[in-house]
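The chain contents come next:
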Amino acid sequence: GKTGASTTTGDGGAFALRLRRGEATVVRVSAAGLATVELGPYQAGERVEIEMTAAVTLHVSLVGESHAPVAGAQLWLLGFGNKENQPWVSVRGTTDAAGKCDFGGLPGGAQLMALPISGVGDFGNQRVALPVSGETSLAIVAPTGRTIRGRAFDAVTMSPVVGAKV
């Protein structure tokens, strides 16, 4: 995405970001030892207070219906934020050989969804409410599905496209 104005907080945690009249932005705030927070959108001229929480870790375990670990699956952890108290969250991770994927540095108390990206069947969205601090776990069982097979071709030359990511 587009990077906008940035600054560092001063005394009392104060900050100021200059926007054009009528412009809106999502504010992203990070500090050592605390979870990164994205809130908004905020309009130019608006006064905001950003509450930062302790960082939380979510441990995801992904297995198939046979209970075998699903390695190499790409997962998307997503939270639709608002101005009041729910931060925006959008992080991706890949399961290891044991079907595990840890998401660290998450904002405590956030309401999130885990979604499949690739390497695993569609398990829908798994909702998780993060604790205020500490760690939590989410166990996902992916349904067995059917395989889609195909080939990719160049539309002009009809030559096979080798190395395309599907």
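To start, this report covers the structure provided alongside it.

1. Notes on the sheet that holds strand 7 (residues 111–118)
Spatially, the four strands line up as an open sheet ordered 5-4-7-8, and their pairing is antiparallel. Of all strands in the sheet, those with a lone pairing partner are strand 5 (89–94) and strand 8 (126–129), marking the two edges. Each adjacent strand pair in this sheet contributes to an overall mean axis angle of 25°, direction not counted. The pairing of strand 4 (residues 74–79) with strand 7 spans five bridges and is classified as antiparallel. Within strand 7, the position partnered with Leu 77 by the bridge is Ala 114.

2. Remarks on the pattern of salt bridges
Tallied over the full model, the rule gives two salt bridges. As a salt-bridge pair, Arg 20 and Glu 23 come within 4.0 Å of each other at their nearest N and O atoms. When its relative accessible area of 24% is taken as the criterion, Glu 23 is described as partly exposed. Arg 28 is paired through a salt bridge with Glu 38; the nearest N and O atoms lie 2.5 Å apart. Remark: Glu 38 occurs in strand 2 (residues 37–43) and Arg 28 occurs in strand 1 (residues 24–29); sequence separation between them is ten residues. You can call Arg 28 exposed: its relative accessible area is 57%. On the accessibility criterion, Glu 38 (24% relative accessible area) is partly exposed.

Conventions adopted
Residues numbered from 1 in each chain as written. Predicted model: local features only at pLDDT ≥ 70, side-chain atom pairs only at ≥ 80, totals over all residues. Heavy atoms only, no water. Pairing = 2+ DSSP bridges. Helix = DSSP H or I, 4+ residues; strand = E, 2+ residues; numbered from the N terminus. Axes fitted to C-alpha atoms, helices over the stretch in contact; angles between N-to-C directions. Salt bridge = Lys/Arg side-chain N within 4 Å of Asp/Glu carboxyl O. Buried < 20%, exposed > 50% of the residue type's maximum accessible area, 1.4 Å probe, protein only.

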